[in-house]
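Structural characterization, general
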Amino acid sequence: MSQALPARVRIVEVGPRDGLQNEKQLIPADTKVELIRRLAAAGLTTIETTSFVSPKWVPQMGDNAEVLTRVLAAAAPGVAYPVLTPNLKGFEAALAAGATEVAVFGAASESFSQKNINCSIAESLARFRPLTEAARAAGVKVRGYVSCVAGCPYEGAIAPQAVAEVAATLREMGCYEVSLGDTIGTGNPASIARMLEAVMRRVPVECLAGHYHDTYGLAAANIYASLQMGVAVFDASVGGLGGCPYAAGASGNVATEDVAWLLDGLGIATGIELDALVDTAAWISAELGREPASRVARALLAKRAQRCA
Ligand code: HMG
Ligand code: MG
């Protein structure tokens, strides 16, 4: 099912949410707001800003209303700032803070669904339905996520059909896009292609996004395999930040710099300014007291340092 690569790809920056949600030290809201401002200035047009989940479950996102309100007050033109909402309570809080786009998140694995959102897959979908209806009534766009599309930390390999079933239900509920999460990064180009084949029989490829974690270093290869099948939206996290609190060992999403570098090399437009993005990766990594996980960021920063020496 290999086809011409898309001319343009949209990158959904998930660093401020997926990247930061697992950080143990509480990060000041000022830092989160500044990170989002820098990402928009670097050319990212969709920036997942925070999540309206229980602060008991994910304390790092406890400042969700403050962060979203401040970000929206200084919103860059043409930039969308979606937020995660697991239920109606989260949706109502997001709406009160001014959200115009939200995302619901389900899973293709029963065990992960229980650990992550404390309910079965069927219960989660039943919860999302009134949320998507309320969103439609309020004119709020809804994105859908399916986690564990290649593997689950508790169940191992996941059947492509299970992914397709959840993706199709999210789409039928009105999600404009379904993001396919390789939560623990165990997918490879062959298993991702099998999963996409099954999903594409139920959901048009224009409505799909790849959300690949880079735990085993195959996220870029998985993106390439997905591009060949027509996927043109990918989630990524600046500096390769992240992990999932309910998936032990899950590393960050593929780094946004690595994806931008890959796509640039393939002649695919993203609208991202790589230098500004690398500066942002270096800045947030320094704020967190570490080097960027992105090999592209590290290589470009080393090259700059050599030039200045
Ligand atoms: P629960 O305990 O089953 O909820 O949690 P409940 O409805 O029984 O309510 C219990 C308490 O939580 C009540 O408060 C509710 O008011 C409160 P109490 O009476 O005890 O004081 N509550 C809330 N508070 C704030 N915001 C809310 C909310 N809902 C209930 N929205 C719940 C269910 C879904 C809330 C919980 O399990 C939760 O917050 N889970 C979040 C997990 C999470 O954020 N995981 C990481 C994101 S998913 C991810 O990273 C994967 C992804 O990146 C894709 C991929 O990589 O695969 C998207
Ligand atoms: Mg994720």
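Residues numbered from 1 in each chain as written. Chains lettered and ligands numbered in written order. Predicted model: local features only at pLDDT ≥ 70, side-chain atom pairs only at ≥ 80, totals over all residues. Heavy atoms only, no water.

Focus: the packing of helix H4 (residues 88–96) against helix H6 (residues 121–138)
The contact between H4 and H6 brings their axes to 9 Å, and the two run at 20 degrees. With respect to each other, H4 and H6 are oriented roughly parallel. Handedness of the crossing formed by H4 with H6: right-handed. Between H4 and H6, the contacting residues are Leu88, Phe91 and Leu95 on the first element and Pro130, Leu131, Ala134, Ala135 and Ala138 on the second. Partitioning the contact of H4 with H6 into residue classes produces 8 nonpolar, no polar and no charged. (Axes fitted to C-alpha atoms, helices over the stretch in contact; angles between N-to-C directions. Helix = DSSP H or I, 4+ residues; strand = E, 2+ residues; numbered from the N terminus. Parallel < 35°, antiparallel > 145°, perpendicular 65-115°, else oblique. Left-handed = near helix turned anticlockwise from the far one by under 90°. Contact = heavy atoms within 4.5 Å. Nonpolar A, V, L, I, M, F, W, Y, C, P; charged D, E, K, R; others polar.)

Some points on the packing of aromatic side chains
All chains considered together, the criterion is met by 1 aromatic pair. Between Tyr212 and Phe234, the ring centres sit 6.4 Å apart and the planes meet at 50 degrees, which makes this aromatic pair tilted. One end of the pair, Tyr212, is in strand E10 (residues 208–212); the other, Phe234, is in strand E11 (residues 233–236), with 22 residues separating them in the sequence. Classification of Tyr212 by relative accessible area gives buried; the value is 1%. Residue Phe234 is classed as buried on the basis of its relative accessible area of 0%. (Phe/Tyr/Trp six-rings, centres within 6.5 Å; stacked < 30°, edge-to-face > 60°. Buried < 20%, exposed > 50% of the residue type's maximum accessible area, 1.4 Å probe, protein only.)

A look at the packing of helix H2 (residues 29–41) against helix H3 (residues 64–73)
Packed helices, taken two at a time, are described by the angle their axes make and the gap between the axes. Relative to each other, H2 and H3 sit at 40 degrees, their axes nearing to 10 Å. Comparing their axes, H3 and H2 come out oblique. H3 is crossed by H2, and the crossing has right-handed handedness. Counting all contacts with H2, which are made through Ala29, Asp30, Lys32, Val33 and Ile36, the residues of H3 involved are Glu66, Val67, Arg70 and Val71. Residue composition of the contact of H2 with H3, by class: 5 nonpolar, no polar and 4 charged.

Some remarks on the nonpolar core
In this structure, Val102, Val146, Val163, Leu170, Leu180 and Val199 are the most contacted members of the largest nonpolar core, which totals 101 residues. In contact with Leu180, other than residues within four places in its own chain, are Val146, Val149, Val163, Ala167, Met195, Leu196, Val199, Leu208, Ala209, Gly210, His211 and Tyr212. (Core = buried A, V, L, I, M, F, W, Y, C linked by side-chain atoms within 4.5 Å.)

Structural notes on the coordination of the magnesium ion (ligand 2)
For the magnesium ion (ligand 2), every protein donor is listed as Asp18 (OD), His211 (NE2) and His213 (NE2), and the spread of their distances is 2.1 to 2.3 Å. Linear spacing of the donor residues for the magnesium ion (ligand 2) on their chain is D-x192-H-x1-H. Accessibility classification places His211 together with His213 in one group, the buried group. (Donors = N, O, S within 2.8 Å, 3.2 Å for Na, K, Ca; no water.)

Some points on the site of ligand 1
The environment of ligand 1 is formed by 27 residues, the closest being Asn87, Asn116, Asn118, Ser147 and Thr183. One of the side-chain N or O atoms of Gln21 is found 2.9 Å from an oxygen atom in ligand 1. Residue Asn118 places a side-chain N or O atom 2.8 Å away from an oxygen atom belonging to ligand 1. Taken by itself ligand 1 offers 1100 Å² of open surface, and the protein chains cover 74% of this. Cavity membership is defined here by more than half of the atoms lying within 2 Å of grid points; on that basis ligand 1 lies in the largest pocket. At the level of secondary structure, the elements contributing two or more residues to the shell around ligand 1 comprise helix H1 (15–19), H4, helix H5 (110–117) and strand E6 (141–147). (Near = heavy atom within 4 Å. Polar contact = N/O pair within 3.5 Å; in protein donor to acceptor, adjacent residues only side chain to side chain. Areas by Shrake-Rupley, 256 points an atom, 1.4 Å probe, with all protein chains shown as cover. 1 Å grid on protein atoms, 1.4 Å probe; cavity = no way out; pocket = protein on both sides within 12 Å on 5 of 7 lines; lining within 4 Å. Sits in = over half its atoms within 2 Å of the grid points.)

Structural notes on the pattern of salt bridges
Counted according to the given criterion, the structure contains 15 salt bridges. A salt bridge links Glu177 to Arg10, with the shortest nitrogen-to-oxygen separation between them at 2.5 Å. Separated by 167 residues along the polypeptide, Glu177 in strand E9 (residues 177–182) and Arg10 in strand E1 (residues 10–13) bring together distant segments of the chain. A salt bridge links Arg17 to Asp18; the shortest N-O distance between them is 3.6 Å. Across the pair, Asp18 and Arg17 agree in class, each one buried. By sharing partners, the salt bridges in this structure join Arg10, Arg143, Glu177 and Asp235 into a single network. (Salt bridge = Lys/Arg side-chain N within 4 Å of Asp/Glu carboxyl O.)

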